[in-house]
Amino acid sequence: MKLIIKYGIAFCLLLISSFSNAQLDYVFADAKKPISFQVPVDISDSLPKTRAWINGDNSTFIVDIGAPYLVINANRWQEKVLADSTITARGVGGALKAGTVQVDSFYWQGIAKANFRAVALNLPLLGDSISGLLGYDVFKDYEITFNYPDSLISFFRADSAAERTTGDSVLIVPFTLVRHLPVIKVKIGADSLRMAIDCGSVQNLIKTEFIRLVKDSASVKRSIVFDQGVPALIQEGNLTGMEWGDWRLADLEFRFDDPSMSRINLSLPEKIDGMLGFPFLNRYKITLNYHRQLLIIDARQNSD
């Protein structure tokens, strides 16, 4: 089979960031927050982009549940970034250069915070058009519904969100938080796996060992990428549907990527087998309730 050679792994921005020092400055516990709001998002490149005001500028941010805090793109604030040896960060590509930046004012859909330090990371894949990432701490008090077919994300305060029950088209799955990542248990064939959910990943990722679960091995696409200057074999293929009890979801395409999964797991106290990203979120109407630690899958929308 012919192999396609690619330079660089550009399919994900920042899956995991772990900081050794989380000061009060970085968190939004004292921020003003509305009861609910709805955000139009641009998902043209498989990442949910929104507009927020920072220091008086209307800027573009990515909503990223894989980032723990509000993260500023240091490329846009180079002269204002201060070095801080107490902060360490790791992305899917490895260690990231980190610092802090002073924020005079931040406002996004009613969420407001003033006069604080924010984490700043060198995120070269973002370029200069993206100001940063809106991470878990910004919206952890909300139930979040990803409605990608309508290009909307809705936020409801978790303590006011309605109770739901599993029905013919709605599945409720408990999750655990591994650091800031929601992790669910799924069954694929005879295998039980731990999968994290991340809207900052443009592909579904999984360890290479699970390529044996692909139904049609001849359909697997193979390519070589240069990962930090070292060639690595990456494979893509469809896995049989994920199952919870009597529920079975349609097949999804995964990228079998040991280098990325190994670096993700370096940042986690509990290891995971894979990551559910844009293809999963785009297929169903997905709700995350951090307060109750529930994943709600509405299969009536965009299911196969």
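Refer to the structure printed above.
What you are looking at is a predicted structure, and each value in this text was computed from that prediction instead of being measured.

> Can you help me understand the sheet that holds strand E2 (residues 36–40) in this one?
Consider a sheet: its strands pair through backbone hydrogen bonds, and that pairing is either parallel or antiparallel. As summarised here, the arrangement of the six strands in space is E2-E13-E12-E25-E26-E14, forming an open sheet in which the pairing is antiparallel. If you trace the sheet from one side to the other, it starts and ends with E2 and strand E14 (170–174), each paired once. Taking each pair of neighbouring strands and ignoring which way they run, the sheet shows an average axis angle of 15°. One ladder, built from five bridges, connects E14 with strand E26 (residues 294–298); its direction is antiparallel. For proline 174, the partnering residue across the bridge sits in E26 and is leucine 294.

> I tried to follow the pairing of strand E25 (residues 285–289) on my own but got confused; where do I start?
Regular strands have side chains that alternate between both faces of the sheet. For E25, the buried fraction is high: four of the five residues fall into the buried class. Bridging between strand E12 (residues 142–147) and E25 involves four bridges; their strand directions are antiparallel. Bridge pairing links phenylalanine 146 to isoleucine 286 in E25. Direction of pairing for E25 relative to E26: antiparallel, over a ladder of five bridges. Of the residues in E26, the one forming a bridge with leucine 288 is leucine 295. Counted along the chain from E25 to the antiparallel partner E26, the turn is four residues long, and its residue glutamine 293 has a positive phi close to 55°.

> What should I look at first to understand the nonpolar core in this one?
Leu70, Phe106, Trp108, Phe139, Ile184 and Phe280 are the most contacted members of the largest nonpolar core, which has 68 residues in total. Residues in contact with phenylalanine 280, not counting those within four places in the same chain, are Asn204, Met242, Leu249, Leu252, Ile286 and Ile297. Ile62, Ile87, Ala98 and Leu121 belong to the second-largest nonpolar core, a separate cluster that totals 16 residues.

Thresholds, definitions, all that
- Residues numbered from 1 in each chain as written.
- Predicted model: local features only at pLDDT ≥ 70, side-chain atom pairs only at ≥ 80, totals over all residues.
- Heavy atoms only, no water.
- Pairing = 2+ DSSP bridges.
- Helix = DSSP H or I, 4+ residues; strand = E, 2+ residues; numbered from the N terminus.
- Axes fitted to C-alpha atoms, helices over the stretch in contact; angles between N-to-C directions.
- Buried < 20%, exposed > 50% of the residue type's maximum accessible area, 1.4 Å probe, protein only.
- Core = buried A, V, L, I, M, F, W, Y, C linked by side-chain atoms within 4.5 Å.
- Contact = heavy atoms within 4.5 Å.

These values are about where atoms sit, not about what they do.
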